[in-house]
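Close look at the chain arrangement
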Amino acid sequence: MAIVLGSNQYGKAETRLVRFVRDSPRHQITDLNVTTALRGDFSAAYLDGDQSAVLPTDTQKNSAYVWAKTHAVDPIEEYGLSLARHFVEDVEPVEAARIEIEQFGWTRVVAQDGEHDHTWIRSGQEVRTAAVTVEAGGEHVVQGLKDLVVLKSTGSAFKDFLTDEYTTLRPTDDRVMATSLVARWRVSGDRLEGIDWNAMYVGVRAVMLERFANLHSLALQQTLWHMGRAAIEAYPQIAEVRLKAPNKHHFLVDFSAFDLENDGEVFHADDRPYGLIEATVERDDGPPSGDAWRFSAGLA
Ligand SMILES: O=c1[nH]c(=O)c2[nH]c(=O)[nH]c2[nH]1
């Protein structure tokens, strides 16, 4: 029996980086949480404590800051690709690099004379995400969002399900459906260039929300399938979509003790336990995923 070092990577997790563009009185803000991870043969550091191939995580953090000064940070996918290519192309022992980014939204304060030039309000809780992998086999961008809380007050049923002696759930033709969506979609290629990432983000988000709203849902499972499908139909560059949807249950309050009807008007919003519905929707002719889904600390 031998004990061997298995898969490993190392980097700087969650560098909080806020970039302003101040070349006119109307400033721009990009608010990011950036995680870097380097992959390659770093076994000497683990096995012998030999740091000669180890570019410090502190240097990785500095590189993230310098790239934010010298390169555009918007769109985040281009920033991530550029930083990842730098690590792979310029730092000898690095065979692959992973950059994970969360982007927090800000909207301008509106005063009497319109949108303010340099004051914003944090917008919602939805977070845009990107996970960039540059490796020998090619490049991958997993674009996505998380914490997108959506709810519909009708247009959702759950009935005709399998039952056994432990089933107490009552079938329903009309229920509240709500979730806090995590959606990630993968684009892969030899070198990812010429893609309008901001347009893709806005477009995928829009088609998914349209499906959530307008599909008469027989289950959250069915809704996820249609959301994933719609994204790939709209953007053929997308090889696969991974969706994760906690079912944020809304239970109808029982008013029978008070001789009152409850026609889908008053609910108890429960936070746990919750059903967790997950799905991957993919093209059957898409490029392979390589290490696109090998997460680091930032987005796990
Ligand atoms: O959309 C749903 N899918 C399920 O699998 C499920 N199970 C459950 O109890 N409620 C629901 N709702």
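Residues numbered from 1 in each chain as written. Predicted model: local features only at pLDDT ≥ 70, side-chain atom pairs only at ≥ 80, totals over all residues. Heavy atoms only, no water.

As recorded by an unreviewed UniProt entry, the chain carries the name Uricase and is attributed to Naasia aerilata. Recorded in UniProt under Catalytic activity (unreviewed entry), the annotation for the chain is "urate + O2 + H2O = 5-hydroxyisourate + H2O2". Recorded under Sequence similarities (unreviewed entry), the UniProt text for the chain is reproduced unchanged: "Belongs to the uricase family." (UniProt positions renumbered as here; feature names shortened; annotations may be inferred.)

What follows covers the overall build of the chain. From N to C terminus, the chain includes five helices and ten strands. For the C-alpha atoms alone, the extent of the chain along its principal axes is close to 75 × 70 × 35 Å. Contacts in the chain between residues at least 24 apart in sequence constitute 68% of all its contacts with a sequence separation of at least 6. Approximately 16,400 Å² of the chain is accessible, and the part contributed by carbon and sulfur atoms is 51%. In the chain, 30 side chains carry a positive charge and 46 a negative one; their mean positions are 4 Å apart. (Helix = DSSP H or I, 4+ residues; strand = E, 2+ residues; numbered from the N terminus. Contact = heavy atoms within 4.5 Å. Areas by Shrake-Rupley, 256 points an atom, 1.4 Å probe, with all protein chains shown as cover. Lys, Arg positive; Asp, Glu negative; His and termini not counted. Charge placed at Lys NZ, Arg CZ, Asp CG, Glu CD.)

The sheet built from eight strands is open, its strands ordered E1-E2-E3-E4-E5-E6-E7-E10 with antiparallel pairing. In the strand order of this sheet, the two ends are held by strand E1 (15-21) and strand E10 (275-282), each with one partner. In this sheet, neighbouring strand axes are inclined to one another by 25 degrees on average, regardless of whether the strands run parallel or antiparallel. Two elements, strand E5 (residues 138-152) and strand E6 (residues 177-189), share twelve bridges in a ladder whose sense is antiparallel. Paired with leucine 145 across the two strands is alanine 183, which belongs to E6. Docked against the sheet, helix H2 (residues 57-70) engages E1 and strand E2 (28-40), running at close to 15 degrees with respect to E1. Packed on one face of the sheet, helix H3 (residues 76-90) meets E1, E2, strand E3 (94-111), strand E4 (114-135) and E5 and runs near 155 degrees to E3. (Pairing = 2+ DSSP bridges. Axes fitted to C-alpha atoms, helices over the stretch in contact; angles between N-to-C directions.)

Within the largest apolar cluster, 53 residues are counted, with the highest numbers of intra-cluster contacts made by Tyr79, Leu181, Trp185, Met200, Met208 and Ile238. Those residues in contact with methionine 200 that lie beyond four places of it in its chain are Gln143, Trp185, Val187, Ile195, Tyr235, Gln237 and Ile238. (Core = buried A, V, L, I, M, F, W, Y, C linked by side-chain atoms within 4.5 Å. Buried < 20%, exposed > 50% of the residue type's maximum accessible area, 1.4 Å probe, protein only.)

Attention now goes to a nonpolar patch on the surface. Residues Leu5, Tyr46 and Leu47 make up a contiguous nonpolar surface patch of roughly 300 Å² in combined accessible area. Among the structural elements, leucine 47 can be located in helix H1 (residues 43-47). (Patch = residues over 30% accessible without salt bridge, like charges linked within 9 Å, V, L, I, M, F, W, Y side chains within 5 Å. Salt bridge = Lys/Arg side-chain N within 4 Å of Asp/Glu carboxyl O.)

A separate point is the packing of H2 against H3. Packing of H2 against H3 leaves a shortest axis separation of 11 Å and a crossing angle of 130 degrees. Between H2 and H3, the angle is such that the two are oblique. Between H2 and H3 lies a crossing of right-handed hand. Of H3, the residues touching H2 (which contributes Gln60, Ser63, Ala64, Trp67 and Ala68) are Tyr79, Ser82, Leu83, His86 and Phe87. Looking at the contact of H2 with H3 residue by residue, the classes come out as six nonpolar, four polar and no charged. (Parallel < 35°, antiparallel > 145°, perpendicular 65-115°, else oblique. Left-handed = near helix turned anticlockwise from the far one by under 90°. Nonpolar A, V, L, I, M, F, W, Y, C, P; charged D, E, K, R; others polar.)

Now for the pattern of salt bridges. Within the structure shown, the criterion is met by 19 salt bridges. Note that arginine 205 and glutamate 126 form a salt bridge whose closest N and O atoms lie 2.7 Å from each other. Here arginine 205 is found in helix H4 (residues 197-214), whereas its partner glutamate 126 is found in strand E4, with 79 residues between them in sequence. Two residues, arginine 211 and glutamate 210, come together in a salt bridge whose shortest N-O distance is 2.9 Å. Given a relative accessible area of 22%, arginine 211 falls into the partly exposed group. Overlapping salt bridges bring together Arg26, Glu115 and Asp117 as one network.

What follows concerns the pairing of E5. Extensive coverage of E5 is indicated by the burial of twelve of its 15 residues. Of the pairings in the sheet, the one linking E4 to E5 comprises nine bridges and is antiparallel in character. Residue valine 127 lies in a different strand from E5, and its bridge partner there is lysine 146. In sequence, E4 turns back onto E5 through a hairpin of two residues.

Here the focus is the packing of H4 against helix H5 (residues 220-234). The relative placement of two packed helices is expressed as an angle between their axes plus a distance between the axes. Direction vectors running N to C along H4 and H5 enclose 145 degrees, while the axes themselves pass 9 Å from each other. Judged by the twist between their axes, the crossing of H4 over H5 is right-handed. Residues Val204, Val207, Met208, Arg211 and Phe212 of H4 form the contact with H5, whose participating residues are Thr223, His226, Met227, Ala230, Ala231 and Ala234. The residue makeup of the contact of H4 with H5, split by class, is eight nonpolar, two polar and one charged.

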